[in-house]
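Listed here are the chains, written in short residue letters.
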Amino acid sequence: MKIGIMGGTFDPPHIGHLLVAEAARDAYSLDEVWFMPSHIPPHKQAAGATGAERLAMTEAALAGHPAFRILDVEIRKGGVSYTIDTVRGLQDLHPAHDFFFIIGADMVEYLPKWREINELAERLTFIGVGRPGTLLDLAQLPDYIASKVLLADMPLVDISSTVIRQRRAEGKSIRYMVPDAVLEFVQRSGLYGLQPRSVN
Ligand code: ATP
Ligand code: MG
């Protein structure tokens, strides 16, 4: 089977994530896309929502798509997860699958900085999609990486989790930027709002 992995912090998941995954699935006939929230991504600060909340929201976001699945390995493992370690583990478990790692243009730029990118680029193929604000230019990448990046078209969506968190903090609507189920979760749990929450 051809498996796309859609990694991210999903803090919260939004329609940009879903469109990216669907564009990649459609363009390369992926059998499934596994959404994998990361625990503490190496390049990011602490998330606003807990791992359990991000997992629950992501699961809610993709519910109903027959080919989308949730993958909780990195959150279950805890600590800092490097993609190379996760991918080694997945390939040990599923030696017959072909893996594709789906990323937005802002991540494509940073591929040369990913841990053990040489081995990662040997183990899988990246699928890159456009994102407003970043030029997706494979010519900037070393050949051994660029040759392992496929591109998929999608309607560009200028939405980020950061903007959604900011809008919530300002009391603005995020309806239609996130799936309804995510909106309900965020409202019910008071996530990203002005009121401090007790988080343990
Ligand atoms: P944050 O603002 O917190 O960084 P984000 O919206 O960038 O959140 P992430 O969880 O960081 O979301 O991203 C996960 C993956 O989805 C990354 O590969 C990122 O490039 C991609 N992605 C997220 N939003 C978009 C978008 N609107 N268009 C294209 N790719 C996107
Ligand atoms: Mg991001």
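To keep things clear, this report deals only with the structure shown in the data block. (Residues numbered from 1 in each chain as written. Chains lettered and ligands numbered in written order. Predicted model: local features only at pLDDT ≥ 70, side-chain atom pairs only at ≥ 80, totals over all residues. Heavy atoms only, no water.)

**Description of the side chain of T58**
We count it as follows: Numbering of helices and strands starts at the N terminus; helices are DSSP runs of H or I of at least 4 residues and strands are runs of E of at least 2. Only protein chains enter the accessibility calculation, which uses a 1.4 Å probe; a residue whose area is less than 20% of its type maximum is buried, one above 50% is exposed, and one in between is partly exposed. Within 3.5 Å is the distance limit for a polar contact, defined as a pair of N or O atoms, with the added protein rule that one can donate a hydrogen and the other accept it, and that residues adjacent in sequence qualify only through two side-chain atoms.
With respect to the secondary-structure elements, T58 resides in helix α2 (residues 51-62). The exposure class assigned to T58 is buried, which follows from its relative accessible area of 1%. A polar side-chain atom of T58 sits 2.6 Å from the main-chain carbonyl oxygen of R54.

**Focus: the packing of aromatic side chains**
Test applied: Two rings belonging to Phe, Tyr or Trp (six-membered ring only in the last case) form a pair when the distance between their centres is within 6.5 Å. Interplanar angles under 30 degrees mark stacking, angles over 60 mark edge-to-face geometry, and anything in between is tilted. When the NZ atom of lysine or the CZ atom of arginine is within 6 Å of a ring's centre and also within 35 degrees of its normal, the charge is said to sit over that ring.
This structure, assessed with the given rule, holds 6 aromatic pairs. Here the aromatic rings of F10 and F35 are separated by 6.0 Å at their centres, their planes lie at 45 degrees, and the arrangement is tilted. Here F10 is found in the loop between β1 (2-8) and α1 (15-27), whereas its partner F35 is found in strand β2 (residues 32-37), with 25 residues between them in sequence. Of the two residues examined, F10 and F35, each falls in the buried class. Among the aromatic residues, those joined into a ring-pair cluster are F10, F35 and F68. If you follow R115 out to its NZ or CZ, it ends over the ring of Y82, 3.8 Å from the centre.

**Remarks on the environment of V87**
Under the convention used in this document: The contact criterion used throughout is that any non-hydrogen atoms of two residues lie within 4.5 Å.
Tracing the backbone shows V87 in helix α4 (residues 83-93). As for V87 and G104, which are separated by 17 residues in sequence, their C-alpha atoms are 18 Å apart. Those residues in contact with V87, other than ones at most four positions away along the chain, are L120, R123 and L124.

**Concerning the environment of Q140**
Mapped onto the elements of the fold, Q140 is located in the loop between β5 (125-129) and α7 (143-146). Residues Q140 and V108, spaced 32 residues apart in sequence, show a C-alpha to C-alpha distance of 9.9 Å. Of the polar contacts made by the side chain of Q140, one reaches the side chain of D137; its length is 3.0 Å.

**Some details on the pattern of salt bridges**
The cut-off we apply is this: Salt bridges are counted wherever a side-chain nitrogen of Lys or Arg sits within 4 Å of a carboxyl oxygen of Asp or Glu.
Counted under the stated rule, the structure contains 9 salt bridges. Between D72 and R76 there is a salt bridge; the shortest N-O distance is 3.0 Å. Here D72 falls in the partly exposed class, since its relative accessible area comes to 27%. Judged by its relative accessible area of 60%, R76 is exposed. Residue D85 is joined to R88 by a salt bridge in which the shortest nitrogen-to-oxygen separation is 3.1 Å.

**What about the sheet that holds strand β4 (residues 98-104)?**
Sheet strands pair via backbone hydrogen bonds, and the direction of the pair is either parallel or antiparallel. Note the cut-off: By the convention used here, strands pair only if DSSP detects at least 2 bridges between them. Between N-to-C directions, angles cover 0 to 180 degrees, with each direction set by a line fitted to C-alpha atoms, over the stretch in contact for helices.
Strand order across the open sheet formed by 6 strands is β3-β2-β1-β4-β5-β6, with parallel pairing between neighbours. Since the sheet does not close on itself, it has two edges, and those belong to β3 (68-70) and β6 (149-152), each with one partner. Each adjacent strand pair in this sheet contributes to an overall mean axis angle of 30 degrees, direction not counted. Set on the sheet, α1 makes contact with β1, β2, β3, β4, β5 and β6; between it and β2 the angle comes to about 150 degrees.

**Let's talk about unusual backbone geometry**
Excluding glycine, residues mostly carry a negative phi; peptide bonds, for their part, are mostly trans. The step from D11 to P12 runs through a cis peptide bond, and the omega angle for that step is 5 degrees. With respect to the helices, strands and loops of the structure, P12 is situated in the loop between β1 and α1. Positive phi outside glycine occurs at Y176, with the angle close to 75 degrees. Considering the arrangement of structural elements, one finds Y176 in the loop between α8 (161-169) and α9 (180-189). Taking relative accessible area as the criterion, Y176 reaches 63% and is therefore assigned exposed.

**Some details on the pairing of β5**
Summarising burial for β5: 5 of the 5 residues are buried, a large majority. The side-chain alternation of β5 yields two buried faces, one formed by T125, I127 and V129 and the other by F126 and G128. Summarising the sheet, β4 and β5 pair through 5 bridges and their orientation is parallel. Across the sheet, residue I102 finds its bridge partner in β5, namely I127.

**As for α1**
Rule in force here: Here, expected helix span is obtained from the residue count minus one, scaled by 1.5 Å.
With 13 residues, α1 should cover 18 Å at 1.5 Å per step; its first-to-last C-alpha distance of 18 Å lies within 8% of that length. Of the residues making up α1, those classed as buried are G16, H17, L18, V20, A21, A23 and A24. S29 lies just past α1 and shows a positive phi near 50 degrees.

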